[in-house]
Amino acid sequence: MSEVSSNYRVKSLKLFVILIALSLMLSCASHSPAPVLDRSKTIANRPKTHVVIPGDTLFSIAWRYGLKYEILAKHNRISPPYVIRPAQVIRLDIAGVKVSAAGKQQATKRAVGVSSRSKDSDKKPGLTAKNTNNRQENKTVKKANTTNKTQTWAAPQWRWPAAGPLLSSFQGSNALNKGIDLGGKLGEPVLAAASGQVVYSGNGLRGYGKLLIVKHNEIFLSAYAHNDRLLVKEGDFVKVGQRIADMGSSGTDRVKLHFEIRRDGTPVDPLKFLPRR
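None of the values given here were measured: they were computed from a predicted structure.

Q: Explain the pattern of salt bridges to me, using residue names and the numbers behind them.
A: All chains considered together, the criterion is met by nine salt bridges. The salt bridge partner of Arg 243 is Asp 246, with a shortest N-O separation of 2.8 Å. Residue Asp 246 is classed as buried on the basis of its relative accessible area, which comes to 6%. Overlapping salt bridges, with partners in common, bring together Lys 68, Glu 70 and Asp 264 in one network.

Q: Go over the packing of aromatic side chains with me, naming the residues and quoting the values.
A: All chains considered together, the criterion is met by seven aromatic pairs. Ring geometry for Trp 158 and Phe 220: centres 6.0 Å apart, planes at 75°, overall edge-to-face. Linking Trp 158 in the loop between helix 5 (120–123) and strand 3 (166–168) with Phe 220 in strand 8 (residues 220–230), this pair joins segments that are 62 residues apart in sequence. Exposure class is identical for Trp 158 and Phe 220. Each is buried. Among the aromatic residues, those joined into a ring-pair cluster are Phe 59, Tyr 69 and Tyr 82. In this structure, Arg 262 packs its charged tip against the face of Trp 63, placed 3.9 Å from the ring centre. Arg 277 extends its terminal NZ or CZ atom over the ring of Trp 160, reaching a point 3.8 Å from the ring centre.

Q: Provide a residue-level description of the environment of Trp 160, including the pertinent values.
A: You can see Trp 160 is positioned in the loop between helix 5 and strand 3. Separated by 31 residues in the primary sequence, Trp 160 and Leu 191 have C-alpha atoms spaced 7.6 Å apart. Those residues in contact with Trp 160 that sit more than four places away from it in its chain are Ile 180, Leu 182, Leu 191, Leu 271, Leu 274, Pro 275 and Arg 277. From its side chain, Trp 160 meets the backbone oxygen of Pro 275 in a polar contact 2.7 Å long.

Q: Which residues make up the environment of Ala 225, and what values do they have?
A: When you line up the elements, Ala 225 lands in strand 8. Residues Ala 225 and Gly 248, 23 residues apart in the sequence, show an inter-C-alpha distance of 8.7 Å. If we skip the residues at most four places from it in the chain, Ala 225 touches Tyr 208, Lys 210, Leu 211, Lys 256, Leu 257 and His 258.

Q: Quick one: what's the story with the pairing of strand 10 (residues 243–247), residue by residue and with numbers?
A: Burial within strand 10 is extensive, with four of its five residues counted as buried. Where strand 5 (residues 189–191) lies against strand 10, three bridges are found, and the strand directions are antiparallel. When the bridges of strand 10 are listed, Pro 189 appears paired with Asp 246. Taken together, the three bridges between strand 8 and strand 10 define a ladder with antiparallel strand orientation. Along strand 10, the bridge assignment pairs Asn 227 with Met 247.

Q: Quick one: what's the story with the pairing of strand 4 (residues 180–183), residue by residue and with numbers?
A: Going residue by residue along strand 4, you find Ile 180 and Leu 182 tucked away on one face and Asp 181 and Gly 183 tucked away on the opposite face as well. Two strands pair when backbone bridges link them, and strand 3 and strand 4 are joined in this way by two bridges, in the antiparallel orientation. Residue Leu 166 lies in a different strand from strand 4, and its bridge partner there is Leu 182. One ladder, built from four bridges, connects strand 4 with strand 11 (residues 256–263); its direction is antiparallel. Across the sheet, the residue bridging to Gly 183 is Lys 256, located in strand 11.

The rules behind each value
Per chain, the residues get numbers from 1 upward, laid out in the order the sequence is written. Residues qualify for local features only when their pLDDT is at least 70, as the model is predicted, and side-chain atom pairs are given and counted only at 80 or more; totals for whole chains, interfaces and linings, by contrast, use all residues. For side-chain calculations, the full set of non-hydrogen atoms in the structure is used, while hydrogens and water are omitted. Whenever a carboxyl oxygen of Asp or Glu lies within 4 Å of a side-chain nitrogen of Lys or Arg, that contact is scored as a salt bridge. To sort residues, take the accessible area from a 1.4 Å probe on protein chains only and compare it with the maximum for the residue type: under 20% means buried, over 50% means exposed, and anything in between is partly exposed. Two aromatic rings, drawn from Phe, Tyr or Trp (for Trp, its six-membered ring), form a pair once their centres lie within 6.5 Å of each other, and the interplanar angle then sorts them: stacked below 30 degrees, edge-to-face above 60, tilted otherwise. Where helices and strands are cited, they refer to DSSP runs of H or I of at least four residues and of E of at least two residues respectively, numbered from the N terminus. Charge-over-ring contacts are defined here by two conditions on Lys NZ or Arg CZ: a distance within 6 Å of the ring centre and an angle within 35 degrees of the ring normal. Should any heavy atoms of two residues lie within 4.5 Å, those residues are counted as being in contact. Pairing of N or O atoms within 3.5 Å defines a polar contact, subject to two protein rules: one partner must be a possible hydrogen donor and the other a possible acceptor, and residues neighboring in sequence count only if both atoms are side-chain atoms. We call two strands paired when DSSP finds no fewer than two bridges between them.

Encoded structure:
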């Protein structure tokens, strides 16, 4: 009997050790952090269509769904200056595609930051979806053959858009934070990080508050979110270092500037482009 009892205790001890090991393995697995993804930007979770509302522009729609605006325009057969209207249905069922060499050559023909327009309602890129019949003429004229076409694809010369400390860093193109956050006080200046043209000015993108989007060339866009006051409007040309907004807390819980850079529609780490402080 003693031998049987001893074998039983040994087997029970082994079983106990195995159960503890399994428990520890399961515990470690349950505490491993799950990746945080903004699934609204993936093809599988992106809606198939977007219905235009007042304040939308083609640029803001492309920004919202993580798409390159030229591809979105081509997919919906919308020609420059990309005029859209309320209740218009924009198709978003776009697979991951890259700009072809031929497409780049065509796009290069369009000078960056300069447009030849007789009226704002006819030629403003990404025209806001609202009635534009009473807008005044804008007589800005494109200078013939003076734009260096290589600038169309070159990275801009970046500068910091605010003087405040870095609060949070870039987490990845599929993460929640697609840019960086800079601290500051209410009303402090927000500066253009590079020269370009304002293609969005408003508060129609959820989570961004009062937002500005600036197009620098055919590749790069930058965004400035959570502003208290916007000092420029769509179609305006801005110079690097120009004050374009006042820092605020719109759409967030504290005063800060959320700054993003997008290359070909994809968020990239601004710290890789901004000069060292």
